Amino acid sequence: MIQAWLRIAWRLQRSVVVFSAVACLGLSGVAAWLVADMRSIVAGCGTPSATAACDVIYAFQATHGPAVSMVQAGMGLAQYGVPLVLGVALITPEIEHRTAMISWPMARSRMRWLMWRLLPVAAIGLLLIGVLALAAEALAQAYLPHSDIGFTNHGLRGASMLTRALLVFVAAVAIGALLGRLLPALLVAGALSLGLASGLDAALPHWVESAELAPADDMQHGAFPLNTGFEYRAPDGGPISDAEAEAMLTAAYEEHGENPDPAVLPQEVFFGVAAWRYPEVLIRESAALVVATMVAGTLAVLTLQRRRPA
Amino acid sequence: MLGWLRLDFRLQRFEILALLALVAVLAVVTGISAVQLGELREQYGACYVGTVGEECAPAFLARVPWEEAAHWILRSGWVVPFLLGTVLGVPIVAREVEHRTGAWAWTLSLGRVRWLLGRVLPILLVVAIAAGAVGLLAELAASAANTNSDGRDLSESWLWFDQRGLIVPARAVALLCIGLAVGAMVGRILPALLVSAVLSVAVFAGTTTGMEAWRSTDTVAIGVNEVALQSAHVVQWRVRAPDGRLLAFDEADAARVIPAMMLAPTGEELGPGDDGYEPPPPGYVYGEEVALAVPGERYQAWVLRESAVWTGLAAVALCGAWAVVRRRRPA
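Every value quoted in this text rests on a predicted model; they were computed, and no experiment measured them. Position numbers for residues start from 1 in each chain and track the written sequence from start to end. Here chains are named by letter from A upward and ligands by number from 1 upward, in the order in which they appear as written. Side-chain atom pairs in this predicted model are given and counted only at pLDDT of 80 or more, local residue features only at pLDDT of at least 70, and totals for whole chains, interfaces and linings cover all residues. Each side-chain value is derived from all of the structure's non-hydrogen atoms; neither hydrogens nor water enter the calculation.

The next point concerns the pattern of salt bridges. By definition here, a salt bridge exists when the distance from a side-chain nitrogen of Lys or Arg to a carboxyl oxygen of Asp or Glu is within 4 Å. Counted under the stated rule, the structure contains 18 salt bridges over all chains. Residue Glu280(A) is joined to Arg284(A) by a salt bridge in which the shortest nitrogen-to-oxygen separation is 3.4 Å. In this pair, Glu280(A) and Arg284(A) are both assigned in helix 9 (residues 278-306), four residues apart and thus about one turn of the helix distant. Only protein chains enter the accessibility calculation, which uses a 1.4 Å probe; a residue is then buried when its area is under 20% of its type maximum, exposed when over 50%, and partly exposed in between. Assessed through its relative accessible area of 28%, Glu280(A) is described here as partly exposed. Owing to a relative accessible area of 41%, Arg284(A) belongs among the partly exposed residues under this scheme. Where Arg75(B) meets Glu68(B), a salt bridge forms, and the shortest distance between an N and an O atom there is 3.9 Å. Overall, the relative accessible area of 38% leaves Glu68(B) in the partly exposed class. Here the salt bridges do not stand alone but share partners, grouping Arg181(A), Glu15(B) and Arg95(B) into one network. Numbering of helices and strands runs from the N terminus; a helix is a DSSP stretch of H or I covering at least four residues, while a strand is a stretch of E covering at least two.

The following block contains the structure:
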């Protein structure tokens, strides 16, 4: 029985599954090659063959930057595109081609039909996006080998990529069930994905409260926090404006030359969320996305239960 | 023609209305940001050109969100032709084949070519007008966001050249015809959309690369500090040695030519004996960094050439679609 449903899922969405597999595995393959290359360079640190990459935070910006950026952009597109096309194509063809009138009764219940159609496709999609997420995580780590990558590329790697993709997939199924036509559902789900990506980016600083970052938490000391603000402080610790800080700096350099005493200079103070708090933010965001996915799933089921089959 | 237009609208109503709504939203955003940027220019005009002081900090801060909005409008010059062409072009034939209505439609139309023309021409008109509107909006946004100090308007400037103007509708029509051909060949909407999307990106990348190679044959050397560079399209950077030779950076290293000039705060070149002049290290000479660039005056000619290339691609794709539809089984 399971095999029969797997065969049906394959026959009905063969081209989309193949396209998704080529996209995800292709990008993951290129990412793996870049990771191996960068790691081999880092392995040479501390030996006579050490390169400049061993001494700088952005170790591979000049050598691998363009390639890594392109691969990460492709991964960002695939992370939303793959679940979108897999999800939208689940219910809409049945309604558009008027085969739902036959397939839904034959499955004994619509819920049963949905589960048997959705589960194989969801499993394939999650597997592909899972591979992509692992490759993206490895790529982000390899690109910044000397730092805690913290919030870098959040949403484009690891668990954050997986939870977003799952929500987009279920939402696409729900929208497909609601609209019943492929292209409109694709356009609406695509717009929703864009909105989701923008909304989650805007919400990122708000999952936990931001605080003044300690010197050990900043980029110069090997961590990538989420910066939310910046201010200057006078040497006595009181806050000052940018213009006052600029005036203080100019006066200090005019009086003391090129190397003034740091005690007379205004201090730069950064606010944000430290890199070591990334797991906390990730758990909160993931929980919210899982809840949203369950809501979308419920909507899909309810729509399917009540919908006319054509 | 009106009958075909009504038929196309009924068959692709949602997609046409959705994309026209997108163009309408872009128009509103362009209008608002252009007005705001215009008011800021009137209020802080001197701050956006030449050397500025501390009093201009509010001017730049106020400008940031509206400039960002203008840049999003300009980016739509890349995205919207792709959306219009792919979403409206692919289903024209693919839907008829997938839903098995091709056999009736092609027979009732007294010929497949007549049917194809009747379906394509109205959509082509809609796409050309919508994309033309986007190109125009992008021109307005570029004009509002332009802070160059050379006094040229955008008809003689390469700023954001591939995101505005005539190139936008030309590209949209070509991508529509490519989507049409792919849809005719594949015969199923979703796979054809995916293939058309990938092919469109590949064609865009190929055309961009080819046009850049073509433009590299029409360059002149413009000094890095010359005002004319602001409106030019830079193809390559070189170093001009004192004897006039143009060297690549590695050649300049080998020839011991430093790509730097001694300049006064007013921008004039300093020579030996002038205040502030520092001689080059022993064995080295100063050269001038120059751009091999296509000047702004040639912008319009190159827009016409690139639009002609895209129109040629559209014609080829349309012929391909016609050839496929003529021979294709209707289901």
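Further remarks concern empty space enclosed by the protein. Residue and element names in this part refer to chain A. Definitions used for this entry: grid spacing 1 Å over protein atoms alone; cavity, a set of points where a 1.4 Å probe fits but cannot get out; pocket, an open set with protein on both sides within 12 Å along at least 5 of 7 lines; lining residue, one with an atom within 4 Å of a point. Grid points are joined across faces, edges and corners, and a volume is the space filled by probe spheres set on the points. According to the stated counting rule, one finds two cavities of 30 Å³ or more in the structure shown. Quantified by volume, the largest cavity comes out at close to 90 Å³. Every residue lining the largest cavity is listed: Val82, Pro83, Leu86, Val121, Ala122, Gly125, Leu126, Ile129, Ala165, Leu166 and Phe169. Sorting the residues of the lining of the largest cavity by element identifies helix 3 (61-96), helix 5 (110-143) and helix 6 (158-179) as the ones contributing at least two each.

For this analysis, a ring pair means two rings from Phe, Tyr or Trp (six-membered ring only for Trp) whose centres lie within 6.5 Å, classed as stacked if their planes differ by under 30 degrees, edge-to-face if by over 60, and tilted for the remaining angles. The full count for this structure, using the stated rule, is eight aromatic pairs over all chains. On the basis of an interplanar angle of 85° and a centroid distance of 5.2 Å, the ring pair of Phe151(A) and Tyr278(A) is categorised as edge-to-face. Pair noted here: Phe151(A) is in the loop between helix 5 and helix 6 and Tyr278(A) is in helix 9, with a separation of 127 residues, a long-range link. Exposure class is identical for Phe151(A) and Tyr278(A). Each is buried. Judged by centre distance (5.1 Å) and plane angle (75°), the ring pair of Trp158(B) and Phe161(B) falls under edge-to-face. Like Trp158(B), the residue Phe161(B) is buried in the burial classification. Taken together, Phe230(A), Tyr232(A) and Phe270(A) form an aromatic cluster joined through their ring pairs. For the cation-ring pair, Arg75(B) lies above Trp72(B), with the distance from its terminal atom to the ring centre recorded as 4.6 Å. Above the ring of Trp302(B), the side-chain terminus of Arg305(B) is found at 4.4 Å from the ring centroid. Sitting over a ring, as applied to charges here, requires NZ of Lys or CZ of Arg to be within 6 Å of the ring centre and within 35 degrees of the ring normal.

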